[in-house]
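Analysis of the macromolecular model
Spelled out, the chains give:
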Amino acid sequence: MQQKIRTKFKESFNTEGSLYTSPGRINLIGEHTDYNGGFVFPGAVDKGMIAEIKPNGTGKVRAFSIDLNDYAEFGLTEEDAPSASWARYIFGVCREIIKRGGDIQGFDTVFAGDVPLGAGMSSSAALESTYAFALNDLFSLNIDKFELAKIGQATEHNYCGVNCGIMDQFASVFGKAGSLIRLDCRSLEYKYYPFNPVGYKLVLLDSVVKHELASSAYNKRRKSCENVVAAIRRNHPEVEFLRDATMEMLNEVKADVSAEDYMRAEYVIEEVQRVLDVCAALEAGDYETVGEKMYGTHHGMSKLYEVSCEELDFLNDIAKECGVTGSRVMGGGFGGCTINLVKDELYDGFVKKAFAAYKERFGREPKLYNVVISDGARKLC
Ligand code: GLA
C-alpha cells in the first residue's frame with residue numbers, strides 16, 4: 001500500500017512527502033456509552049489509513065483517494081467545502097484546526113486504507129486522525145493528543161453529520177500495541193490494559209451489511225438519551241449524562257418519557273455497568289464473565305437500543321450455538337461486524353459453521369478479520 005501511495009504521489013505532484021498512518025479500532029465492550037459520558041474499552045487494530053502529505057505553499061489542498069480513484073481540490077475557508085464526502089473529512093480536520101488557531105496552509109496528499117468500510121471499525125476516524133496527526137506535525141502546531149482526537153470528533157459533528165462520541169478518534173490516536181484502553185469518556189482519563197487472553201482468540205465476523213440511514217438513526221439514539229437526561233434532571237439536577245443515572249431514577253420518569261426513549265436509556269445504564277464488570281473480570285483473568293457480558297451487550301443492542309439487524313443477530317446466534325465464549329455486534333451497529341471471544345479449540349469449527357450457515361441463509365459469505373491490537377497515529381517516514 002505504501003508503495004502504491006508513493007508512486008501515485010510522485011506521478012501526481014512530481015515530488016515526495018512524508019507518510020503518516022492512523023488505525024481503525026475494535027471495542028471489547030461499552031457501545032453507545034461514549035456520548036453518554038460513560039466508559040468504553042477499545043483498542044487500535046493493524047488496519048488503518050496511510051497518507052503521504054507535503055505542504056505546497058498555496059492556500060489549496062489537492063487530494064487523491066486511491067481506493068475511490070477520486071481527486072478533489074479545495075481551499076481552507078468555510079465556503080470552500082468540497083462536495084465529495086471523503087474529502088469533507090480532510091477539509092473538516094483542516095477547518096477544526098484553523099478554528100483552534102492552528103496556522104496551516106495548503107498541501108498535496110494521496111491516501112489509501114485497509115480498514116473495511118462500513119464494518120464498524122471506524123475507517124472515518126482513522127482518516128481524521130491521520131490528517132489531524134500529520135498536519136499537527138508538519139506545521140509544528142503543538143496540539144496535544146486529546147485535542148487531536150477532539151478535532152476528529154468535531155469533524156464528524158460539523159462536516160459529516162454524525163453526532164458521534166469520542167471513542168473512535170481516541171482509540172485511533174492513543175492506541176497501543178497489545179493493549180486495550182479503558183476510557184472514561186467524561187474525564188478522558190484512560191488506562192491501558194494489556195490484552196492477551198491465553199487460550200482465546202478475538203475475531204471479527206463482518207456481515208458485509210451496511211444499512212442506509214445509519215447516521216440519522218445514530219443521531220436519533222443520541223437524542224433519546226438526551227431526552228431522558230432532561231427528564232431525570234428535573235428531580236436530580238446533578239445528573240449530567242446517563243452515566244450518572246440509575247434504574248431507579250429512570251423509573252421515576254417512566255411516565256414522562258416515551259417507551260422508546262425509556263428502552264434506550266435502560267440499555268445505556270446497563271451497558272455502563274457492564275464495562276466496569278468486564279474490567280474487574282479481566283483483572284481476575286475471568287474470560288467467562290467477559291464473554292457473558294458481551295452477550296448481554298448484544299441482547300441490549302438488539303432488543304432495547306435496536307441497532308442490530310437480522311444478519312448480526314444470526315451471527316450472534318451461531319456463536320452461541322458453537323459455544324463461543326462471548327459475541328456481540330460491535331460499533332455503532334446497523335450492520336458491520338460481530339466481535340467474538342473464542343476458545344482456541346473452538347475457533348476452526350465456529351468459523352466454518354458461521355461461513356456455511358451465513359451463506360445458506362443470506363446467499364453470501366461473511367468476512368473474517370483476526371484482531372491484532374496495534375499502535376495509534378504515527379509518522380511512518
Ligand atoms: C460509532 C461512534 C462512536 C460510538 C460507537 C458506538 O462508532 O463513532 O462514537 O458511539 O458508534 O459505541
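Residues numbered from 1 in each chain as written. Predicted model: local features only at pLDDT ≥ 70, side-chain atom pairs only at ≥ 80, totals over all residues. Heavy atoms only, no water.

1. Observations concerning unusual backbone geometry
Of note, the phi angle at Asn69 is positive, near 50°, even though the residue is not glycine. By relative accessible area, which is 61% here, Asn69 ends up exposed. Not every positive phi belongs to a glycine, and Phe334 is a case in point at roughly 60°. One can find Phe334 in the loop between strand E10 (326–329) and strand E11 (335–343). (Buried < 20%, exposed > 50% of the residue type's maximum accessible area, 1.4 Å probe, protein only. Helix = DSSP H or I, 4+ residues; strand = E, 2+ residues; numbered from the N terminus.)

2. Some thoughts on the packing of helix H6 (residues 214–233) against helix H8 (residues 259–283)
Remark: H6 packs on H8, axes separated minimally by 9 Å, with the N-to-C direction vectors making an angle of 90°. Taken as axis vectors, H6 and H8 run roughly perpendicular relative to one another. Taken together, the residues of H8 that come into contact with H6 (itself represented by Lys220, Arg221, Ser224, Cys225, Asn227 and Val228) are Glu260, Asp261, Arg264, Ala265 and Val268. In the contact of H6 with H8, the residues fall into four nonpolar, two polar and five charged. (Axes fitted to C-alpha atoms, helices over the stretch in contact; angles between N-to-C directions. Parallel < 35°, antiparallel > 145°, perpendicular 65-115°, else oblique. Contact = heavy atoms within 4.5 Å. Nonpolar A, V, L, I, M, F, W, Y, C, P; charged D, E, K, R; others polar.)

3. Thoughts on the site of the ligand
In the vicinity of the ligand, the contacting residues are Arg25, Glu31, His32, Asp34, Tyr35, Cys164, Gly165, Met167, Asp168, Tyr218, Gly331 and Gly332. One of the side-chain N or O atoms of Glu31 is found 2.7 Å from an oxygen atom in the ligand. Within the contact set of the ligand, an oxygen atom lies 2.6 Å away from a side-chain nitrogen or oxygen of Tyr218. When its residues are assigned to classes, the shell around the ligand shows four nonpolar, four polar and four charged. A domain-level breakdown of the shell around the ligand finds at least three residues from each of domain 1 (2–195 + 375–379) and domain 2 (200–370). (Near = heavy atom within 4 Å. Polar contact = N/O pair within 3.5 Å; in protein donor to acceptor, adjacent residues only side chain to side chain. Domains from an automatic or database assignment.)

4. Points about the domain arrangement of the protein chain
We note that the domain assignment places domain 1 (2–195 + 375–379) and domain 2 (200–370) within the protein chain. On a C-alpha basis, the centroid separation for the pair domain 1 and domain 2 is 25 Å. Between domain 1 and domain 2, the contact holds 35 residues from the first and 44 residues from the second. Roughly 3300 Å² is buried in total at the junction of domain 1 and domain 2, and carbon and sulfur atoms are behind 64% of that figure. One can count five salt bridges joining domain 1 with domain 2. Glu31 is the partner of Arg328 in a salt bridge, and the nearest nitrogen-oxygen pair spans 2.8 Å. Across the contact surface, domain 1 and domain 2 share 22 residue pairs in polar contact (both at pLDDT 80 or more). For the side of domain 1 that touches domain 2, the element with the highest residue contribution is strand E1 (residues 18–27), accounting for three residues. When grouped by side-chain class, the residues that make up the side of domain 1 that touches domain 2 number 14 nonpolar, 13 polar and eight charged. (Buried area = accessible area lost by both parts, 1.4 Å probe. Salt bridge = Lys/Arg side-chain N within 4 Å of Asp/Glu carboxyl O.)

5. Quick look at the pattern of salt bridges
Per the stated rule, a full pass over the model turns up 22 salt bridges. For Glu96, the salt bridge is made with Arg100, and the minimal N-O distance between the two is 2.8 Å. The class of Glu96 is buried, set by a relative accessible area of 3%. For Arg100, a relative accessible area of 36% puts it in the partly exposed group. Here the residues in one salt-bridge network are Glu96, Lys99, Arg100 and Glu147, joined through shared partners.

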